[in-house]
Amino acid sequence: MDFYNHLIEKAKQDGIEKIVVGAVIQDSDEKILILRRPFNDFLGGLYEMPSGRVEENETLLDALKREIKEETNLDLSSILSYLDFFDYKSQSGKKSRQHNFAITVKSTDNIELTEHDKFKWQTIDETQNNPRISINTKHLLKIFAFNKNLSLTK
């Protein structure tokens, strides 16, 4: 069993009902892409990373590629690393697990939003001070920054 299938199987064993993928996308200025949920939506006004549900019989990587395209119109270029996961209750009350990846995209130009009403590029420090970003996302971005700093020192 490969690593990604193991993540799905472990989530099922843990009673997770909905699997989600999320992406940390950084631009050439080392700023992170965050998207704002519309105010009339579940968790309205909250900023988050591009993310979305893994469909039936879809791999984590296929879902990641599809969700990035659907939500931002960006094309996944490569997966740099698996970062971590966090669990939460969805709007419908389902136990959900979001698996998060650091990725690159072919270009950060021409963002087109379909499910969010605004986007920003923020530094890691700016995201940590943004009150409209969840603790789970802030923690994940700290992991991203830590991993990136480790790879720079090699």
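Residues numbered from 1 in each chain as written. Predicted model: local features only at pLDDT ≥ 70, side-chain atom pairs only at ≥ 80, totals over all residues. Heavy atoms only, no water.

This part takes up the sheet that holds strand 7 (residues 118–122). Here three strands make up an open sheet; going across it, the order is 3-2-7 and the pairing antiparallel. Bordering the open sheet on either side are strand 3 (47–48) and strand 7, each of which pairs with just one other strand. Pairing of strand 2 (residues 32–36) with strand 7, which is carried by five bridges, proceeds in the antiparallel orientation. Looking at the pairing, leucine 33 lines up with tryptophan 121 of strand 7. (Pairing = 2+ DSSP bridges. Helix = DSSP H or I, 4+ residues; strand = E, 2+ residues; numbered from the N terminus.)

For the structure shown, the criterion picks out five aromatic pairs. Arranged with centres 5.3 Å apart and planes meeting at 75°, the rings of phenylalanine 3 and tyrosine 82 form a pair that is edge-to-face. Of this pair, phenylalanine 3 sits in helix 1 (residues 3–13) while tyrosine 82 sits in strand 5 (residues 76–89), and the two are 79 residues apart along the sequence. By relative accessible area, phenylalanine 3 is classed as partly exposed at 43%. Note on phenylalanine 86 and tyrosine 88: the rings are 6.1 Å apart at their centroids and 50° apart in plane angle, and the pair reads as tilted. With relative accessibility at 12%, the residue phenylalanine 86 sits in the buried group. Members of the aromatic cluster, joined through ring pairs, are Phe3, Tyr4, Tyr82 and Phe101. (Phe/Tyr/Trp six-rings, centres within 6.5 Å; stacked < 30°, edge-to-face > 60°. Buried < 20%, exposed > 50% of the residue type's maximum accessible area, 1.4 Å probe, protein only.)

What follows covers helix 2 (residues 60–72). In an α-helix, one turn spans 3.6 residues; hence positions three or four apart end up facing the same way. When the terminal C-alpha atoms of helix 2 are compared, their 18 Å separation across 13 residues agrees well with the 18 Å that a helix rising 1.5 Å per residue should span. Buried residues of helix 2: Leu60, Ala63, Leu64, Glu67, Ile68, Glu71 and Thr72, and no others. End-on, the buried residues of helix 2 take up no more than an arc of 130°, which puts them together on one face. Lining the buried residues of helix 2 we find helix 1, strand 1 (18–25), strand 2, strand 4 (51–53), strand 5 and strand 6 (95–105). A positive phi of about 70° marks asparagine 73, the residue just after helix 2. (Expected span 1.5 Å × (residues − 1). Arc of directions from axis to C-beta. Contact = heavy atoms within 4.5 Å.)

On to the pattern of salt bridges. When the charged atoms of two side chains with opposite charge come close together, those side chains can pair. Evaluation of the coordinates by the stated rule reveals 11 salt bridges. Note that arginine 66 is salt-bridged to glutamate 67, the shortest N-O span being 2.8 Å. Linking aspartate 87 and arginine 97 is a salt bridge whose minimum nitrogen-to-oxygen distance equals 2.6 Å. Of the two residues, aspartate 87 is situated in strand 5 and arginine 97 in strand 6; the sequence distance between them amounts to 10 residues. Taking relative accessible area as the criterion, aspartate 87 reaches 38% and is therefore assigned partly exposed. Several salt bridges share partner residues, and in doing so they unite Lys10, Asp14, Asp87 and Arg97 into one network. (Salt bridge = Lys/Arg side-chain N within 4 Å of Asp/Glu carboxyl O.)

Turning to helix 1, a few remarks are in order. Of all the positions in helix 1, only Leu7, Ile8 and Ala11 are classed as buried. The buried residues of helix 1 occupy one face: seen down the axis, they fall within an arc of 95°. Exposed positions of helix 1 whose direction lies more than 90 degrees from the buried face are Lys12 and Gln13. Positive backbone phi, approximately 80°, marks glycine 15, located one or two places after helix 1.

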